[in-house]
Amino acid sequence: MKTFLSVLFTLFWSTLSSAQNQPQMNLQRTALTIGIHRLEVQIAATPEQRMIGLMFRESMPDNEGMLFVFAEPSKQCFWMKNTALPLSAAFIQDDGTIVNVEDMKPQTTDSHCSLRPVRFVLEMNQGWFTKKGIGRGSKLQGPVFH
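Residues numbered from 1 in each chain as written. Predicted model: local features only at pLDDT ≥ 70, side-chain atom pairs only at ≥ 80, totals over all residues. Heavy atoms only, no water.

Student: I'm lost on the pattern of salt bridges in this one. Help?
Tutor: Under the definition given, this model contains four salt bridges. The salt bridge partner of Arg29 is Glu64, with a shortest N-O separation of 3.6 Å. You can see Arg29 sitting in strand β1 (residues 29–34) and its partner Glu64 sitting in strand β3 (residues 64–74), a full 35 residues away along the chain. Given a relative accessible area of 34%, Arg29 falls into the partly exposed group. Linking Arg38 and Glu40 is a salt bridge whose minimum nitrogen-to-oxygen distance equals 3.7 Å. (Salt bridge = Lys/Arg side-chain N within 4 Å of Asp/Glu carboxyl O. Helix = DSSP H or I, 4+ residues; strand = E, 2+ residues; numbered from the N terminus. Buried < 20%, exposed > 50% of the residue type's maximum accessible area, 1.4 Å probe, protein only.)

Student: Looking at this structure, I do not really get the state of the cysteines. What am I missing?
Tutor: Note: disulfide means a covalent bond formed between the sulfur atoms of two cysteine side chains. On inspection of all chains with the given rule, the structure shows one disulfide. Sulfur-sulfur distance for the disulfide between Cys77 and Cys113 comes to 2.0 Å. Here the disulfide of Cys77 and Cys113 is right-handed, its torsion about the S-S bond being about 110°. Within this pair, whereas Cys77 is found in strand β4 (residues 77–78), its partner Cys113 is found in strand β7 (residues 112–113), the two being separated by 36 residues in sequence. Taking relative accessible area as the criterion, Cys77 reaches 37% and is therefore assigned partly exposed. (Disulfide = S-S within 2.5 Å.)

Student: Before we go on, may I ask you to explain the nonpolar core in this structure?
Tutor: The nonpolar side chains of a soluble globular protein tend to be buried with one another. Formed by 18 residues in total, the largest nonpolar core has its most connected members in Leu39, Leu67, Ile92, Ile98, Leu122, Phe129 and Leu140. If we ignore the near neighbours within four places in the chain, the residues touching Ile92 are Leu67, Thr97, Ile98, Val118, Arg119, Phe120, Leu122, Leu140 and Phe145. Formed by 17 residues, the second largest nonpolar core is a distinct cluster that contains Phe68, Phe78, Val118 and Val121. (Core = buried A, V, L, I, M, F, W, Y, C linked by side-chain atoms within 4.5 Å. Contact = heavy atoms within 4.5 Å.)

Spelled out as structure tokens, the structure:
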């Protein structure tokens, strides 16, 4: 019985561990707009979803991203450990206004922080915001912003 429990425990942890090294592909999605641009974003709302974020992803379509949602506004800082994609992060106020945008290098632990307390952070492929002429003061629209 002890051996059986030991094997069961080992299988459980190895399954959990390998699941944690997989990209999140099935999170809830929502549509956002900014100017003429329409985005399809995954929502990372729980601590675990936010912790994994876009880690382990090998690619992401141009108009897709991940919106990180926090319960309360605070200074948000992001880093890129286990993230292979170069990303840009927009730090966003409750009303959808972008506070600042930071470009982030893959596989680094450098901190990239909001200039003010925010509840939302939108990660897109690096350069997306710049290519579209979107930056500080631009305003996103969508059901999550009020």
